[in-house]
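Chain residues, written in single-letter form:
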Amino acid sequence: MDNIKPFKMPKVSVVITCYNLGRYVMECINSIQNQKYRNFEIIVVNDCSTDNTKEILKSAPENVKIINLEENKGQFGAFLEGLKIADGEFVCMVDADDVLLPDFLSVHIQVHTEISVAFTSCAQFEIDDNSTIISLTSMATPDNKNASYNTEIKTIDEIFNLNRLGENFSVKVMDIKKYPFGSWNWNPTSSCMLRKASVDYLLKYKTPEDWRKGADKIVFSFLHLIGGSATISAPLMAYRRHKTNLSSANPVIGNFRYLKPEAIKLYVGYNKRIRQDVLKFIFENYKYFCAQFNPLNVRKMILRVIFSFDGNTIKRIIKSFFVH
């Protein structure tokens, strides 16, 4: 018994993808440096930015790994470059303009140790271009009903006490049967923590440039297909809405119907492409996946992708024909 090595805490690799977001990247890095859970590494992938990102990253802490790409690979490609050198048991895919609360890593790790899923996604709150809080809830969170509610008068300190957001939370475990492939049940990119053993399969994806934007759609959809997922009700990250993101002209935050026409086309395009792209990925690596999951399970995956259309997806596809 004396020769048994002590157990280790899992390491988290936080991969920040940055394209022309130099204005925000240090705030993002600092929010990770301030995490209560301390076993992590930070990898910043500068996706051939044309602003001052490269210069700003020279002032990053010494423990931050910097990858300066020579050509722009898009969000998915940049993330995969960071994933290649990540050595944690878990991986977070973070946009450089978002901010994580101090409990982010610890709560995600807690959920991953209590259940077994391929990835987790937390709720979010909203900040603007200048880091001003514009909403402590988000309509972009799938479980947010945004219904009428009863409450009591609070002081300003109570309203904006961000420390309370992670104290009590619920977890919804989702399997592929009840929550079909291709549907969207999570918050955007920066809300996630991925099991590296699951996400490493995506290193075999041959054309990540096809997902220059919307990398969370391909990553979350594939991981949910192979290992299920879970959502965390606590808003543990701040999603920044600013002039250059897809929702910049949305007068009601998170509401799909108020997006710009080009943004709606892009989102609907993801829903139309996700099935053919994932099927192509599986067939290109069919023998490999059969060796990993066994042939019966791979065939089940293929069938789940083919027969995965739900009502919401069909509505969005139909809507795309009327957006000009």
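Structure's up top.
Summary of the structure given here. For clarity, every value in this text was computed on a predicted model and none was experimentally measured.

Let us now look at the overall build of the protein chain. Helix and strand content of the protein chain: 11 helices and 10 strands. Looking at the 324 residues of the protein chain, the share that counts as buried comes to 52%. When contacts within the protein chain are restricted to residue pairs at least 6 apart in sequence, long-range pairs at least 24 apart make up 78% of them. Accessible surface computed for the protein chain: about 16400 Å², of which carbon and sulfur atoms make up 53%.

For the rest of this paragraph, the subject is helix H7 (residues 215–227). Taking 1.5 Å per residue as the helical rise, H7 with its 13 residues ought to reach 18 Å, and the 18 Å between its terminal C-alpha atoms agrees with that figure. Here H7 lies mainly inside the structure; 12 of its 13 residues are buried. Once H7 ends, the next one or two residues include Gly228, with phi positive near 75°.

The terminal C-alpha atoms of helix H3 (residues 74–85) lie 18 Å apart, and with 12 residues this matches the ideal 16 Å at 1.5 Å per residue to within 8%. Here H3 lies mainly inside the structure; 10 of its 12 residues are buried. Listed as buried for H3 are Gly74, Gln75, Phe76, Gly77, Ala78, Phe79, Leu80, Glu81, Gly82 and Leu83.

Attention shifts here to the pairing of strand S9 (residues 192–195). Sheet topology places strand S4 (residues 90–95) next to S9; two bridges connect them, and they run antiparallel. Each bridged residue has a counterpart across the sheet, and for Phe90 the counterpart in S9 is Arg195. Relative to S9, strand S6 (residues 119–127) is paired through three bridges, and the arrangement is antiparallel. Note that in S9 the partner of Ser121 across the bridge is Cys192.

This next bit is on the side chain of Ser308. Along the chain, the position of Ser308 falls in the loop between helix H10 (295–306) and helix H11 (311–320). Since its relative accessible area comes to 2%, Ser308 is described here as buried. Residues in contact with Ser308, not counting those within four places in the same chain, are Pro180, Phe181 and Arg275.

This paragraph deals with the nonpolar core. Core analysis: the biggest nonpolar cluster contains 48 residues, and Leu202 and Val219 have the highest contact counts within it. When residues of this core are traced back to their parent elements, those giving at least two are strand S2 (40–46), H3, S4, S9, H7, helix H8 (261–284), helix H9 (286–293) and H10. Sequence-distant contacts of Leu202, that is, excluding residues within four places in its chain, are made with Phe76, Leu80, Val219, Phe222, Leu223 and Phe281. One finds Tyr37, Phe40, Leu57 and Met193 within the second-largest nonpolar core, a separate group that totals 34 residues.

Following the sequence through the fold, Asn187 ends up in the loop between strand S8 (171–174) and S9. Judged by relative accessible area, which is 2%, Asn187 ranks as buried. The spacing of Asn187 and Asp143 is 44 residues in sequence and 9.8 Å in space, taken between C-alpha atoms. Not counting residues up to four positions away in its chain, the partners in contact with Asn187 are Ser121, Cys122, Ala123, Gln124, Ala140, Thr141, Pro142 and Phe220. Within the structure, the side chain of Asn187 is placed 3.0 Å from the side chain of Gln124, a separation counted as a polar contact.

Attention now moves to the pattern of salt bridges. Inspection of every chain in the model, using the stated rule, returns 12 salt bridges. Residue Asp103 pairs with Lys36 through a salt bridge whose shortest N-O separation is 3.0 Å. Of this pair, Asp103 sits in the loop between strand S5 (99–100) and helix H4 (104–114) while Lys36 sits in the loop between helix H1 (22–33) and S2; the two residues are 67 residues apart in sequence, bridging distant segments of the chain. Taking relative accessible area as the criterion, Lys36 reaches 55% and is therefore assigned exposed. The salt bridge partner of Arg273 is Asp277, with a shortest N-O separation of 3.2 Å. Here the residue Arg273 and the residue Asp277 both occupy positions in helix H8, the gap between them amounting to four residues, near one helical turn.

The next subject is the pairing of strand S1 (residues 12–18). Two faces belong to every sheet, and in a regular strand the side chains alternate between them. Counting buried positions over the seven residues of S1 gives seven, a clear majority of the element. Relative to S2, S1 runs parallel, the two being bridged by seven bridges. Along S2, the bridge assignment pairs Ile16 with Val44. Considered for its hand, the β-α-β crossover made up of S1, H1 and S2 is right-handed.

Below, the discussion takes up the environment of Tyr201. Along the chain, Tyr201 turns up in the loop between helix H6 (196–199) and H7. On the basis of relative accessibility, which here comes to 11%, the residue Tyr201 falls in the buried class. Considering only alpha carbons, one finds Tyr201 and Phe289, 88 residues apart in sequence, at a separation of 9.0 Å.

Definitions and limits used
- Residues numbered from 1 in each chain as written.
- Predicted model: local features only at pLDDT ≥ 70, side-chain atom pairs only at ≥ 80, totals over all residues.
- Heavy atoms only, no water.
- Helix = DSSP H or I, 4+ residues; strand = E, 2+ residues; numbered from the N terminus.
- Buried < 20%, exposed > 50% of the residue type's maximum accessible area, 1.4 Å probe, protein only.
- Contact = heavy atoms within 4.5 Å.
- Areas by Shrake-Rupley, 256 points an atom, 1.4 Å probe, with all protein chains shown as cover.
- Expected span 1.5 Å × (residues − 1).
- Pairing = 2+ DSSP bridges.
- Core = buried A, V, L, I, M, F, W, Y, C linked by side-chain atoms within 4.5 Å.
- Polar contact = N/O pair within 3.5 Å; in protein donor to acceptor, adjacent residues only side chain to side chain.
- Salt bridge = Lys/Arg side-chain N within 4 Å of Asp/Glu carboxyl O.
- Right-handed = clockwise from strand over helix to strand, strands pointing away.

Shape is all these values report; function is a separate question.
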